[in-house]
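Structural overview
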Amino acid sequence: MTIQEQAQQLELLADEVPTGIALATKSELEDLQAQVLGLLGETSTATAIQGAIQLASQQIDEVAAALENVRLQIRDAAQHHLQG
C-alpha cells in the first residue's frame, strides 16, 4: 500500500469515529428530562433526576470531545502521510 493509499484509508477511518452517537444520546437525555419534568413537575424527585441527567450530559460532552480528538488525530496522521 502506498503512502497516499494509507492516507486515504486514514481519512476513511476518521469519518468512522462515532461522534454523532454521543450527540444523539445527549439529545435523547434532554427529551427524557423534559418528559420527567412533565410527569413529576417541580418536585424533589424531578430535581434529583434532572441532576443525574445533567451529570450524564456533562459526561457525554466529555466523551464527544474525546471522540472528536480521536477523529482529529487520525486526520492529522493522514495529513502527515501526505506530507511525507
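Placed above this text is the structure.
Notes on the structure in this doc start here. Note that the structure is a prediction, hence the values are computed from the model and not measured.

Once that is clear, we can look at the overall build of the chain. When you go through the chain residue by residue, the secondary structure sums to three helices and zero strands. The order of helices and strands in the chain, counted from the N terminus, is α-α-α. At 19 Å, the chain has a C-alpha radius of gyration far larger than the 12 Å of a compact globule built from 84 residues. The C-alpha extent of the chain, read off along each of the three principal axes, is 60 × 15 × 15 Å. Across the 84 residues that make up the chain, the buried fraction comes to 18%. Contacts in the chain between residues at least 24 apart in sequence constitute 79% of all its contacts with a sequence separation of at least 6.

A few words now on the pattern of salt bridges. Scanning the entire structure with this criterion turns up four salt bridges. With its nearest N and O atoms 2.3 Å apart, the salt bridge here joins Asp-15 to Arg-75. Of this pair, Asp-15 sits in helix α1 (residues 3-16) while Arg-75 is found in helix α3 (residues 44-83), placing the two residues 60 residues apart along the sequence. Using a relative accessible area of 24% as the deciding quantity, one classes Arg-75 as partly exposed. For the salt bridge of Lys-26 with Asp-61, the shortest nitrogen-to-oxygen distance reads 2.7 Å. Pair noted here: Lys-26 is in helix α2 (residues 19-40) and Asp-61 is in helix α3, with a separation of 35 residues, a long-range link.

With that settled, consider the environment of Ile-60. With respect to the helices and strands, the residue Ile-60 is situated in helix α3. Judged by relative accessible area, Ile-60 falls into the buried class, the value being 13%. With 57 residues separating them in the primary sequence, Ile-60 and Ile-3 have C-alpha atoms 35 Å apart. Ignoring anything within four residues of it in the chain, the contact list for Ile-60 reads Ala-22, Thr-25, Lys-26 and Leu-29.

In this section: a nonpolar patch on the surface. On the surface, Leu-39, Leu-40 and Ile-49 cluster together into a nonpolar patch covering about 280 Å² of accessible area. With respect to the helices, strands and loops of the structure, Ile-49 is situated in helix α3. For Ile-49, a relative accessible area of 31% translates into the label partly exposed.

The next subject is α3. For α3, which comprises 40 residues, the first-to-last C-alpha distance of 58 Å matches the rise-based estimate of 58 Å (1.5 Å per residue) to within 8%. Every buried residue belonging to α3 is among Ala-46, Gln-50, Ile-53, Ser-57, Ile-60, Ala-64, Arg-71 and Ala-78, and all of these are buried. Along its buried surface, α3 packs onto α1 and α2.

What counts, and at which threshold
The numbering scheme is per chain: residues are counted from 1 as the chain's sequence reads. This being a predicted model, a pLDDT of at least 70 is required before a residue's local features are given, and a value of 80 or more before pairs of side-chain atoms are given or counted; all residues contribute to the totals for chains, interfaces and linings. Water and hydrogen atoms play no part in the side-chain values, which are based on all heavy atoms of the structure. Numbering of helices and strands starts at the N terminus; helices are DSSP runs of H or I of at least 4 residues and strands are runs of E of at least 2. What the globule rule says is 2.2 Å times the number of residues to the power 0.38, and the radius of gyration is computed from C-alpha atoms. Any residue under 20% of the maximum accessible area for its type is buried, any over 50% is exposed, and the rest in between are partly exposed; the area is computed with a 1.4 Å probe on protein chains only. Between two residues, a contact is recorded if the distance between any of their heavy atoms is within 4.5 Å. We count a salt bridge whenever a side-chain nitrogen from Lys or Arg sits within 4 Å of a carboxyl oxygen from Asp or Glu. Patches in this entry comprise residues that are over 30% relatively accessible and not in a salt bridge; like charges within 9 Å are linked, as are nonpolar side chains (Val, Leu, Ile, Met, Phe, Trp, Tyr) within 5 Å. Accessible areas in this description were obtained via Shrake-Rupley with a 1.4 Å probe; residue shielding takes into account the shown protein chains only. An expected span of 1.5 Å times one less than the residue number is assigned to each helix.

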